[in-house]
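Summary of structural features
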Amino acid sequence: MPRRSSNAPSNPVVATIDIGTTSARCILFAKDGTEVAKHQIEYSTSASEAPETSSNTDQYRRRSSLMRHNEPIFTAEGVAISITDNVEIENNAASLGPTLRFPQPGWVECMPVHILANAVECLVACLITLRKINQNPDIKIKYKVKCIGIANMRETTLIWHRKTGKPLCNGITWTDTRTAQIVEHLEHMTDKETKEALHSKTGLPLSTYFSAAKVRWLLDNDDQIREEYESGEGNLMFGTVDTWLIYHLTKERSYVTDVTNASRTSFMNLETHDYDDELFEFWGIDRDKIHFPKIVSSSEHYGSFAAPNLSHLGFHNKITQDAYDMLKTIYNVPICGCLGDQSASLVGQMAVKPGSAKCTYGTGCFLLYNTGTRKLVSDHGALTTFGFWFPHLDGDDGEPHFALEGSVAVAGSIIQWLRDNLKLIDNAKDIGPLASQVDNSGGVVFIPAFSGLYAPYWDRGARGTIFGMTQYTSSSHIARAALEGVCFQVRAILRAMSEDAGGSKDFLEEAMTTQSEKSPLSTLAVDGGMSKADEVLQIQADILGPCVSVKRAENAECTALGAAIAAGLGLKDPNERLWKNFDDVIESLSGKDGDANVFKAKLPDADRRKNWKRWEKAIERARGWLDEDRDD
């Protein structure tokens, strides 16, 4: 092919690397939100079998993945994929093993180098697709990667060696509960005044959820890390997944974390946007013995892209010259956007104005309510966190934005449980039709507290419970009650947030606090796997009531899109940005679907109130289950 002239027109695209708990993906977004290229790797786990016998073979490519030891990856033949054929599954049978591991009950680990390699493979796959598009003579305007954004699972804790860059342990993911004894001990040993002071500083309760307890556990229990720590040589480097990726994907070896990730560590003071000595003292950590990344905004130039040397990090698979050539095409491209996954979803849903809210139905369920520049410390079970910080924008848009967050531990995973454990359905997509075979749950209430209750209840002793079954109860009633169990918790979180924001706890019967100065919050923006089912969203709308409608995202990849927006706004010169400001973002990305994805309550108010009271009664009976067991 002849080389095109240097003055040929080009469309800028943003490359987003999105690292989730169970998958990695890269998407190239154009200014209007079009996905120009996409590639995804679904992780196998230490608890799963090799995927060859999976029932959804027709949905995924079966090809050698990066887990096949000492075999080439990143070949043109292997990853020169079409935009509609963009998912692969890790080969669990390979010698390097899976990215996600469950070594003991309650332990959930990830392999840091695998995460990095997965990210690079997805990026290379997208670049090869981009090359094929640009070499198509029928396409007049070519695409060029302008900047890179990162979205990542939060709280997950990694520690690596300053001299080698190699991880010193497996990463401890956000869902891991091995730190329960540490947290329980601190709860019992800490007076109420100190707890309140810590909560005010961090916006977070004492919990296994956040990074601090995981660092403490590693210092107490990992011999190699403890020896390095006690040596005082300063070789330990802490980071969450965003820090790990930026460190290894920038030629400057930039050691940073953005505020949305840092605010989930329990080490950061929300007022100062920086680490707090009293917090380190509380967790018994000497900052002279372990390095922590610089806390920066969500949208600025962190460093320039350079391909990592995976073999130096102990990753022994071969990387082909074609892959390196692809990565050279984006050498020096700025990495200038970074958001924790839930904040990224908030931005991707364009819930960027104070008072707007979004809910993501993933493995768990996460609801964020944008409080703008106001830091609200919740008294009703929600967490206070950073929504985003885009400092190059004008006025309040450029100030750090806070959010109240509520999380439901079990959401999409309840569907997996109904499928795999109870065998009620063959495929996840069957849950909606099964639940819709009945008009209501027949009096059944399902509390899906498999690992305790999260916001706004925060009860580790609760366990999954089904109430109200009779001989009349069918699989459809149980399926519907399971979906309702997720949706009731979303309502509970919204009620708690309304009280924190100064509204009435009965705002769902009235109206919520202002989304802008002119109009009340009337819409809950939703995304994630469960949101694809109309039946689920109608149940959610019925449970919320007539004052709040439910609107499904027009772009299914809200998390990746949010990180793309952060990167696209990350350059100081507005003429160099992909989008100039929030107005430009909203105008460029808003679709024309109208009310096609909007769901409004149909259930009579009396029935809705009766169902809510029944839910609250069931919650009280499910709480403290393990505590009662211990008393025996």
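On a predicted model such as this, the values are computed, not experimentally measured, just so you know.

Brief notes about the overall build of the protein chain
In terms of helices and strands, the protein chain carries 19 helices and 28 strands. Out of the 632 residues belonging to the protein chain, those deemed buried represent 59%. The contacts of the protein chain with a sequence gap of at least 6 include a subset with a gap of at least 24, amounting to 75%. For the protein chain, the exposed surface amounts to about 25700 Å²; the carbon and sulfur share of it is 46%.

Some details on a negative patch on the surface
Taken together, the side chains of Asp191, Glu193, Glu196 and Asp379 present a region of like negative charge at the surface. Relative to the elements of secondary structure, glutamate 196 occurs in helix α4 (residues 192–202). On the accessibility criterion, glutamate 196 (48% relative accessible area) is partly exposed.

Observations regarding the sheet that holds strand β6 (residues 100–101)
Through backbone hydrogen bonds, the strands of a sheet pair up, either in parallel or in antiparallel fashion. The 3 strands are arranged β6-β7-β10 in an open sheet whose pairing can be described as antiparallel. Each edge of the open sheet is held by one strand with a lone partner, namely β6 and β10 (171–172). Where strand β7 (residues 109–110) lies against β10, 2 bridges are found, and the strand directions are antiparallel. Counterpart to cysteine 110 in the pairing with β10 is glycine 171.

Observations regarding the sheet that holds strand β15 (residues 290–291)
Spatial strand order, β9-β11-β15: 3 strands in an open sheet with mixed pairing. Edge strands, defined here as strands with exactly one partner in the open sheet, are β9 (158–161) and β15. Relative to strand β11 (residues 236–239), helix α6 (residues 223–231) is tilted by about 115°, and along the sheet it contacts β9, β11 and β15. Each of β9 and β11 touches helix α7 (residues 241–249); the most contacted strand, β9, lies at about 30° to it.

What about the environment of glycine 165?
Inspection of the secondary structure assignment puts glycine 165 in the loop between β9 and β10. For the pair glycine 165 and histidine 248, spaced 83 residues apart in sequence, the C-alpha separation works out to 8.2 Å. When neighbours within four sequence positions are excluded, glycine 165 is seen to be in contact with Trp160, Trp244, His248 and Leu313.

Some remarks on helix α16 (residues 558–568)
Of all 11 residues that make up α16, 11 are buried, and the element is covered over most of its length. Among the residues making up α16, those that are buried are Cys558, Thr559, Ala560, Leu561, Gly562, Ala563, Ala564, Ile565, Ala566, Ala567 and Gly568.

Description of the pattern of salt bridges
Pairs may arise between side chains of opposite charge once their charged atoms sit close together. Tallied over the full model, the rule gives 27 salt bridges. Linking glutamate 155 and arginine 154 is a salt bridge whose minimum nitrogen-to-oxygen distance equals 3.9 Å. Neither residue differs from the other here; glutamate 155 and arginine 154 are each classed as buried. Two residues, glutamate 620 and arginine 623, come together in a salt bridge whose shortest N-O distance is 3.8 Å. Here glutamate 620 falls in the exposed class, since its relative accessible area comes to 53%. Residue arginine 623 is classed as partly exposed on the basis of its relative accessible area of 27%.

Some thoughts on the environment of tyrosine 209
One can find tyrosine 209 in the loop between α4 and α5 (211–221). Judged by its relative accessible area of 2%, tyrosine 209 is buried. Linking tyrosine 209 and threonine 156, residues 53 residues apart in sequence, is a C-alpha distance of 8.9 Å. In this structure, tyrosine 209 is in contact with Arg154, Glu155, Trp174, Lys214, Arg264, Phe366, Leu383, Glu405, Ser407, Tyr454 and Trp458, ignoring residues within four places of it in sequence.

Thoughts on the packing of aromatic side chains
Throughout the structure, instances matching the rule amount to 25 aromatic pairs. With a centroid separation of 6.5 Å and an interplanar angle of 70°, the aromatic rings of phenylalanine 446 and phenylalanine 450 are classed as edge-to-face. Taken together, the ring pairs in this structure connect Phe238, Phe267, Tyr275, Phe280 and Phe292 into an aromatic cluster. The ring of tyrosine 209 carries the charged tip of arginine 264 above its face, separated from the ring centre by 5.6 Å. Just above the ring of tryptophan 612 sits the side chain of arginine 491; from NZ or CZ to the centre is 4.8 Å.

What counts, and at which threshold
Residues numbered from 1 in each chain as written. Predicted model: local features only at pLDDT ≥ 70, side-chain atom pairs only at ≥ 80, totals over all residues. Heavy atoms only, no water. Helix = DSSP H or I, 4+ residues; strand = E, 2+ residues; numbered from the N terminus. Buried < 20%, exposed > 50% of the residue type's maximum accessible area, 1.4 Å probe, protein only. Contact = heavy atoms within 4.5 Å. Areas by Shrake-Rupley, 256 points an atom, 1.4 Å probe, with all protein chains shown as cover. Patch = residues over 30% accessible without salt bridge, like charges linked within 9 Å, V, L, I, M, F, W, Y side chains within 5 Å. Salt bridge = Lys/Arg side-chain N within 4 Å of Asp/Glu carboxyl O. Lys, Arg positive; Asp, Glu negative; His and termini not counted. Charge placed at Lys NZ, Arg CZ, Asp CG, Glu CD. Pairing = 2+ DSSP bridges. Axes fitted to C-alpha atoms, helices over the stretch in contact; angles between N-to-C directions. Phe/Tyr/Trp six-rings, centres within 6.5 Å; stacked < 30°, edge-to-face > 60°. Lys NZ or Arg CZ within 6 Å of the ring centre and 35° of its normal.

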